[in-house]
Amino acid sequence: MSRIPGLPGVPIPHRSDKEKWFKQAVARLCQLENERFPGSQPVSFAVDDLQKLDTKDYWVCEKSDGVRVLLFIYTDTQTNDQMVFLIDRHNTYRELTGFYFPHFEDPRKPLRSTIVDGELVVDVDPRTRQETLRYLAFDCLAVDDQNVMARPLDKRYGRLQMWFYEPYNKMLRDHPQVAREHPFQIKVKQVKLSYHVDDVFNIDLPALQHGNDGLIYTCAETPYIPGTDKNILKWKPPSENSIDFKLVLRFPPPSSRSPDPDYFAKPVFELHVFCGDERGLPRYEFYDVMHVEDDEWESMKRSGEQLDDRIVEVHWDLAQEHWRMMRFRDDKPAGNYKTVVENIIKSIADGVEKDQLLARSASVRNAWKARHPEQQPRSGGPPPPPVKPPQANSHPIQPPNGHAPPRTHGPEAEPRFGALAQSPWSKVTGPEMISGMYR
């Protein structure tokens, strides 16, 4: 299990005028009627979703095991002052110092207000074990004061690369000393067409320097949708699917005569599911119990950490048929919503294994190419007319190496001129037969 990085930056005080002003600025830039966290959330991949890969264009990439945050760049167009923030899923804002993002047309000017979606990870060099904090950008909501949420993924990804990242990366190449002031590095995550998922497994995943949490399939045809987006699919092997609950400890009484809990005894580890907000407060209901071994409980006590009332990530142990703890998720504001939990349970019971995903690649590729014949090698027009078979006594010219030359395909063109007339002065004109011989 990889280490979840802490978030850099100075938190803006909650419910302060400054926080309210920037939340309103983000809502205006995203053209939203509310000031909630505008990021999208995936749904768990189930067997029915294989059909989606056949019918729609999807991109696929590895899902990094880190902290999901939005990078918000605010630029005052009057003064050209630029401020940079991280927005986490709690919808809290952290102000960063040291960054500058140049404009793609004129690097002497700042890039205007921009919102980038990505994941903050800790990369560990396999040789030196040195840790590097990196932000892996994979989408954008707005770039240079332009909302791009309604555009398809390829257009958004293009803006992310050309308008946001390339000018910034060129600045670092030209002035490498600038990077020393940055709280983390920035990269753009590489994505592939959905039928190249084998490359993600065989090339991308082995090269990772951070933890991996499965795959993400993102529909290339649909807009960016805040909140849960059914067109973004999170794949994990069914045995590795996990759920976030709120952990509630129930201690037994020392005896039947005492109503007070015995805090030295091993408690019942209840898992509570998130059911939404009620009057501004999160509401939870009991869902199930998490299994904890006696030695694990002793280790928990020695850690001195608060255990109760925290978000915990668990997975289902198929062999023992109970929930097992993976880690605490203090980076998440709440557990998974009850309908999300139902979908994850379905994906555990009706999930898709890696072999099934790879076996589907050929079908996905054929369906993709059938939808996009214009992306295939093309002849430039209608098929060429059929070649007449040679006559019995003809001797077609053969190439010197004895192999047929490669056939080329070019655009069909209408002739601009009429047929060439025979010239009375040409040596090759005249009758077809002279002195009984054919010319």
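Definitions and cut-offs
- Residues numbered from 1 in each chain as written.
- Predicted model: local features only at pLDDT ≥ 70, side-chain atom pairs only at ≥ 80, totals over all residues.
- Heavy atoms only, no water.
- Salt bridge = Lys/Arg side-chain N within 4 Å of Asp/Glu carboxyl O.
- Helix = DSSP H or I, 4+ residues; strand = E, 2+ residues; numbered from the N terminus.
- Buried < 20%, exposed > 50% of the residue type's maximum accessible area, 1.4 Å probe, protein only.
- Pairing = 2+ DSSP bridges.
- 1 Å grid on protein atoms, 1.4 Å probe; cavity = no way out; pocket = protein on both sides within 12 Å on 5 of 7 lines; lining within 4 Å.
- Points joined across faces, edges and corners; volume = space filled by probe spheres on them.
- Contact = heavy atoms within 4.5 Å.
- Phe/Tyr/Trp six-rings, centres within 6.5 Å; stacked < 30°, edge-to-face > 60°.
- Lys NZ or Arg CZ within 6 Å of the ring centre and 35° of its normal.

Draft legend 1. Molecular detail of the pattern of salt bridges. For the structure on display, the rule yields 31 salt bridges. Ionic pairing is found between K301 and E298, a salt bridge with its closest N-O pair at 3.2 Å. Of this pair, K301 and E298 both sit in helix α5 (residues 294-303), three residues apart, roughly one helical turn. Since its relative accessible area comes to 36%, K301 is described here as partly exposed. Via salt bridges that share partners, D65, R89, E313, R327, R329 and D331 belong to a single interconnected network.

Draft legend 2. A look at the sheet that holds strand β3 (residues 58-64). Pairing is mixed across the open sheet formed by five strands, whose spatial order is β2-β13-β12-β3-β11. Two strands lie at the open edges of the sheet, namely β2 (40-44) and β11 (192-193), each paired on one side alone. Pairing of β3 with strand β12 (residues 212-219) involves six bridges; the strand directions are antiparallel. Counterpart to W59 in the pairing with β12 is T218.

Draft legend 3. Structural detail: empty space enclosed by the protein. Counted under the stated rule, the structure contains three cavities of 30 Å³ or more. In this structure, the largest cavity spans a volume of roughly 50 Å³. What lines the largest cavity is simply S40, D139, R156, T218, C219, T222, P223, Y224, I225, D229, N231 and I232. Of all the secondary-structure elements, those providing two or more residues to the lining of the largest cavity are β12 and β13 (227-235). Considering each element in turn, the lining of the largest cavity owes the most residues, three residues, to β13.

Draft legend 4. Region of interest: the side chain of N241. Of note, N241 is situated in the loop between β13 and β14 (242-250). The residues touching N241, leaving out its near neighbours within four places in the chain, are S44, K236, V314, H315, W316, I344, S347 and I348.

Draft legend 5. Spatial organisation of the packing of aromatic side chains. Applying the stated criterion across every chain, the model contains 26 aromatic pairs. Ring geometry for F22 versus F72: centroids 6.4 Å apart, planes at 75 degrees, classification edge-to-face. With F22 in helix α1 (residues 17-30) and F72 in strand β4 (residues 67-75), this pair connects stretches of sequence that are 50 residues apart. Between F72 and Y74 the ring centres are 6.4 Å apart and the planes differ by 55 degrees, which places this aromatic pair in the tilted class. Pair check on accessibility: F72 and Y74 agree, each one buried. Among the aromatic residues, those joined into a ring-pair cluster are W21, F22, F72, Y74, F85 and Y93. The ring of W21 has R28 lying over it, and the distance from NZ or CZ to the ring centre is 5.9 Å. The lysine or arginine in question, K354, covers the ring of F201, its NZ or CZ lying 4.6 Å from the ring centre.

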